[in-house]
Amino acid sequence: MKTFAMAPLLLLVLFLNTVSSTFQPALVLEMAKILLDNYCFPENLVGMQEAIQQAINSGEILQISDKKTLAAVLTAGVQGALNDPRLTVSYEPNYVPAMQPALSSLPKDQLSRLVRNSVKLDIFDNNVGYLRMDRIIGKETLAKLGSRLRDNIWDKAAETSSLILDLRYSTAGELSGVPVLISYFSDPESHIHIDTVYDRPSNTSRELWTGSSVRGRRFGGTKDVIILISRRTVGAAEAVAYILKNLKRSIIVGETSAGGSIRVQKIRIAQTEFYITVPVARSISPITGQSWEVHGVSPVVNANNKEAVAKAKSLLAIRRTIPKVVQSICDIIGRFYAFTDRVPSIQQRLQSTDLFSVISKEDLAARLNTELQPVSEDPRLIIQLVQDNTDEVEEGPELYDAPDQLELLKELVNTMFKVEILSHNTGYLRFDKFVKLSTLAQLEGLMAKKVWEPLKYTNNLIIDLRFNTGGSSTSLSLILSYLQDRSEKHHFFTIYDRVQNVSMEYFTFPEITGTTYGSKRGVYVLTSYHTAGAAEEFAYLIQSLHRGTVIGEITSGNLMHSKAFPIERTDIIITVPFINFLDNDGECWLGGGVVPDAIVLAEEAVDQVNEIAEFHQGLRALIERTGELFEKYYAIHEVGLKVGKELLDKWDEGLYWSVVDYESLAAQLTADLQETTGDNRLHVFHCSVEPETHHDAPKIPTAEEAGYMIEALFKTELLPGNVGYLRFDMMADVEVLKAIGPQLIKLVWSKIVHTNSLIIDMRYNTGGYSTAIPLLCTYFFDAKTVHHLYTVFDQTTNNTTEVTTLPKVIGQRYRPAKDVFILTSHMTGSAAEVFIQVMKDLKRATIIGEATIGGSLSSGTYQIKESVLYTSIPNQVVLSAITGKMWSISGVEPHVSVQASDALSAAQRIIAAKLLRRDQGK
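What comes next concerns the included structure. Note that this is a predicted model, so its numbers are computed, not measured.

The next point concerns helix H24 (residues 831-841). Across the 11 residues that make up H24, a large majority, 10, are buried. Residues Ala831, Ala832, Glu833, Val834, Phe835, Ile836, Gln837, Val838, Met839 and Asp841 constitute the buried set of H24. Contacts made by the buried residues of H24 are with helix H23 (773-778), strand E31 (788-794), strand E33 (819-824), strand E34 (846-849) and strand E37 (876-880).

In this section: the sheet that holds strand E25 (residues 588-589). Pairing between sheet strands relies on hydrogen bonds along the backbone, with the strands arranged either parallel or antiparallel. Overall, antiparallel pairing links the 4 strands, which are arranged E19-E18-E24-E25 in an open sheet. Whereas interior strands pair on both sides, the edge strands pair on one side only; in this sheet they are strand E19 (502-507) and E25. In the sheet, strand E18 (residues 491-497) pairs with strand E24 (residues 579-582) via 4 bridges, with the strands oriented antiparallel. Across the sheet, residue Asp497 finds its bridge partner in E24, namely Ile579.

With that settled, consider the packing of aromatic side chains. Under the defined criterion, the tally for this structure stands at 27 aromatic pairs. Seen from their ring centres, Tyr337 and Phe339 are 5.8 Å apart, and the 65° between their planes marks the pair as edge-to-face. Ring geometry for Tyr540 and Trp589: centres 4.4 Å apart, planes at 5°, overall stacked. One end of the pair, Tyr540, is in helix H16 (residues 534-544); the other, Trp589, is in strand E25, and 49 residues separate them in sequence. Exposure remark for Tyr540: the relative accessible area of 16% places this residue in the buried category. Residue Trp589 is classed as buried on the basis of its relative accessible area, which comes to 10%. Among the aromatic residues, those joined into a cluster by ring pairs are Phe493, Tyr506, Tyr540, Phe581 and Trp589. The side chain of Lys223 reaches across the aromatic face of Phe219, ending 4.3 Å from its centre.

On the surface, Tyr529, Ile554, Val595 and Ile599 cluster together into a nonpolar patch covering about 390 Å² of accessible area. Inspection of the secondary structure assignment puts Ile554 in the loop between strand E21 (549-552) and strand E22 (562-566). Under the relative-accessibility criterion, Ile554 is labelled partly exposed at 33%.

The next subject is the environment of Asp155. Considering the arrangement of structural elements, one finds Asp155 in helix H7 (residues 146-158). Distance in space between the C-alpha atoms of Asp155 and Arg218 is 7.6 Å, their sequence separation being 63 residues. If we ignore the near neighbours within four places in the chain, the residues touching Asp155 are Arg150, Gly216 and Arg217.

Time to look at the packing of helix H19 (residues 637-652) against helix H20 (residues 662-677). Close contact between H19 and H20 brings their axes to 10 Å; oriented N to C, the two are set at 130°. Here H19 is positioned oblique relative to H20, judged by the angle of their axes. Along this stretch, H19 crosses H20, giving a crossing that reads as right-handed. Contacts from Val639, Lys642, Val643, Glu646, Leu647 and Lys650 in H19 reach Leu669, Asp672, Leu673, Glu675, Thr676 and Thr677 in H20. Of the residues contributing to the contact of H19 with H20, the split by class is 5 nonpolar, 2 polar and 5 charged.

Two elements in contact, helix H18 (residues 619-633) and H19, have axes whose closest approach is 7 Å; the angle formed by their N-to-C orientations is 165°. With respect to H19, the element H18 is oriented roughly antiparallel. The hand of the H18/H19 crossing is right-handed. On H19, the residues touching Leu619, Arg620, Ile623, Glu624, Thr626, Gly627, Phe630 and Glu631 of H18 are His637, Gly640, Leu641, Val643, Gly644, Leu647, Leu648, Trp651 and Asp652. Tallied by class, the residues present in the contact of H18 with H19 amount to 8 nonpolar, 5 polar and 4 charged.

Relative to the helices and strands, Thr824 is located in strand E33. A distance of 2.7 Å separates a polar atom in the side chain of Thr824 from the backbone oxygen of Glu850. Sequence-distant contacts of Thr824, that is, excluding residues within four places in its chain, are made with Arg763, Ile836, Ile847, Ile848, Gly849, Glu850, Thr852, Pro894 and Ala900.

Now for the sheet that holds strand E9 (residues 225-229). Read across the sheet, 6 strands follow the order E2-E3-E5-E9-E10-E13 without closing on themselves; strand pairing throughout is mixed. In this open sheet, the two strands that pair with only one neighbour each are strand E2 (119-124) and strand E13 (301-302). Taken together, the 4 bridges between E9 and strand E10 (residues 251-254) define a ladder with parallel strand orientation. Residue Ile229 lies in a different strand from E10, and its bridge partner there is Gly254.

Rules used in this analysis
- What you see as residue numbers is a count from 1 along each chain, following the sequence as written.
- Where local features are concerned, this predicted model is filtered to residues with pLDDT of at least 70; where side-chain atom pairs are given and counted, the filter is 80 or more; whole-chain, interface and lining totals use all residues.
- Excluding hydrogens and water, the side-chain values take into account all heavy atoms of the structure.
- Relative accessibility under 20% of the residue-type maximum defines a buried residue, over 50% an exposed one, and the middle range a partly exposed one, all with a 1.4 Å probe and only protein chains included.
- Secondary structure elements follow DSSP: runs of H or I no shorter than four residues count as helices, runs of E no shorter than two count as strands, and numbering proceeds from the N terminus.
- Any two residues having at least one pair of non-hydrogen atoms within 4.5 Å are treated as being in contact.
- Note on pairing: DSSP must find at least two bridges between two strands before they are called paired.
- Note on ring pairs: Phe, Tyr and Trp rings are taken, using the six-membered ring of Trp, and paired if centres are within 6.5 Å. Classes follow the plane angle, with under 30 degrees stacked, over 60 edge-to-face and the rest tilted.
- Definition used: whenever NZ (Lys) or CZ (Arg) falls within 6 Å of the ring centre and also within 35 degrees of the ring normal, the charge is taken to sit over that ring.
- Patches here are clusters of residues that have more than 30% relative accessible area and form no salt bridge, with a 9 Å joining cutoff for like charges and a 5 Å cutoff for nonpolar side chains (Val, Leu, Ile, Met, Phe, Trp, Tyr).
- Computed by Shrake-Rupley with a 1.4 Å probe, the accessible areas treat only the displayed protein chains as cover when residues are assessed.
- Here, a salt bridge means any Lys or Arg side-chain nitrogen found within 4 Å of an Asp or Glu carboxyl oxygen.
- Axis lines are fitted through C-alpha atoms, for helices just across the contact stretch, and the angle between N-to-C directions can take any value from 0 to 180 degrees.
- Note on terminology: angles under 35 degrees are roughly parallel, angles over 145 are roughly antiparallel, angles of 65 to 115 are roughly perpendicular, and the others are oblique.
- Handedness of a crossing is defined here by the sense of rotation of the near helix relative to the far one, left-handed for an anticlockwise turn of less than a right angle and right-handed for a clockwise turn.
- Here the term charged refers only to Asp, Glu, Lys and Arg, the term nonpolar to Ala, Val, Leu, Ile, Met, Phe, Trp, Tyr, Cys and Pro, and the term polar to all other amino acids, Gly among them.
- Polar contact is defined as a pair of N or O atoms within 3.5 Å, subject to the rule that within protein one atom must be able to donate a hydrogen and the other to accept it, and that residues adjacent in sequence are counted only when both atoms are side-chain atoms.

The structure is reproduced here in structure tokens:
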């Protein structure tokens, strides 16, 4: 640290040495001494005096003949070296220090006049106080004039609703008055550390705190305060503005302040006529760790000097509306929001929000909305600022009313519905709005003739909603009824109206006169960015009911079931969803647009239907074949037998209508297989070429390669208490281990085999070969007995193999009496899990960490029919040597469950506790 601090001072010396001068070098030395004794950043001066002395001894003497030029050169050098513009050197042969009398020593009348001219209070409209302070009055002066200031300033200011504190012309003042002034803007019970002042000449620090008592009434800690500053604001006034800003007690308006200093002193350099101006004290904010000095106080709201008061008034006008706006929003949400159970928490959040920093209507709307969203979790509930005065025209429900007269209704049906039969015997139905019906029966009869009669023998049906902008939800159930079997009654959706406080459930239409389209044939709903309102509900229900496939573009997302409420006397509105749309599962849909199962351009959607419909024709056969493969190869045979039935049941329920290609089929099958079996090892994947299978024997490394392999795979450490630590992240093949065995014993095993206990870290071991498990286990059991470790059942061969410890191993065994701890994580898998489970079953190790992944010893990859789909099926199961039962596919459960990151420290604590108990037992 000392070396770095010396660097700028050496730079100063080198800079000065470049100037040719005959002036006494003692001037430079004396200047350095003054800085060392008085400069308020002494840590920046380390090594300066020695560096200057060394430069002088080298013969480099300053020889500038003109003394004012020398002063300018010294100023540039010291400012550049210490990066402080307040440091100046001047040549003043006739300088007479000005003796400023202490303000408190003035006669009382004169002092009263000065203060009266420096501190003025006025009251604006709306009871806004305006307090102009051109001088920060010191503590002693305040005590001397306490009653006058109390009666004329503080008590009157305390009665105002808000206050503008004008410090734009405050160019003088005393630091002792800062805590007193800050105290007036805080509550009496608060005792706040507001600043720390370090004084270099005395090498002392003084903390400034708010006081528990003041003369007169406080303004308090809650009412709005606006502070005005300008480029002329300096010194103690800057301290007041900076502190109140960072206490979040005031909003600063105006220009960046001057950036003065706590105390600057002009000091004569020895007996010369040169003087150096030095900041001898500095402010350190306990809130920010920084200061307003040099850089000044930055305003929150920029305004030039002439506009500052008007800007402050405008800002206070905005802030006066805040409580009313918040209360109005809370009232509207309480009366109209459809999620009634969320209302109390939303209201509480809004009413407790800290809105101190709000400085505009835009800011208020954005801040309230930011607070609202995490609590409501409802993107429909939005607070916004209206950008213009144009009223949005809401479409009235009467636009979607269907006529009651039969002839007019016939004309409506004929013009509204477009029906065609396309190639591949595909039916096509287009309608561009959902009408509101006073009697569904009449419309149903007309639709049966116009729509469903021509379509009843088609192979598939396209319902085109690309140009449908919505309408009434009441006719949804009629159209959906035709897409179900007549014999079954279905609950389609429920609408809850908060204003009416009623729920309306919609079921299968009971009076179908025509032939329904049924539930088995394909239904393809086309959407676009224009699809909106009730049309979005229909597309959503097609997916929710698993009745068809949605193809096209994401819908408009304007389904809100909401109403916009303006907040009185503001430009703020709140959009409140007063209706909840609940699907057949009781889930509330929050709108936001329907994402199609197949996303394509709207104009390409019809062509895409043919391709997807053709894919759907072969879908059942692929699902059946997947079930057959599991019945034949899955290691847990009784589970494999039920997979096919479960998959076909899901097919019958329509869960595969959302599948539109091989990639989405692979994802759906994987999810369904894992759900059915509880086995997350099962995967179906798409592969355009037949995947390779690796059955080749692993490559045996050379002696040189063995060294690199051991270094890369194994990490050992000796922990306190003679505890061994071994980490390895891969299960190598047994032949590889045998090949590198001698080196492994020497470089790894010999370092830990004599420890008192051993920690084996397998948190990052994702598996590998299972062939080495017997060898690894053998090292932890005695040589006298062959131990049955586990049994493997292979479904592909129907063979059972018992796995035991080996009779001999090279090197020493880890004595069975010594403790072994194994660390696990959710990444630990496959063969690593088998090793861990064996050690756990045979009570040879304590397992610490997280449940392992639940991997497999061996999996086979099988093609599903002649498609590009393949499935990975675990075909071996491990049986416990103790119970004879299959290990759970959910992984190995540890004895001590902790986060993987804490497993090592947990093991060390257990070892230490065991050792302590053992010592106490002695």
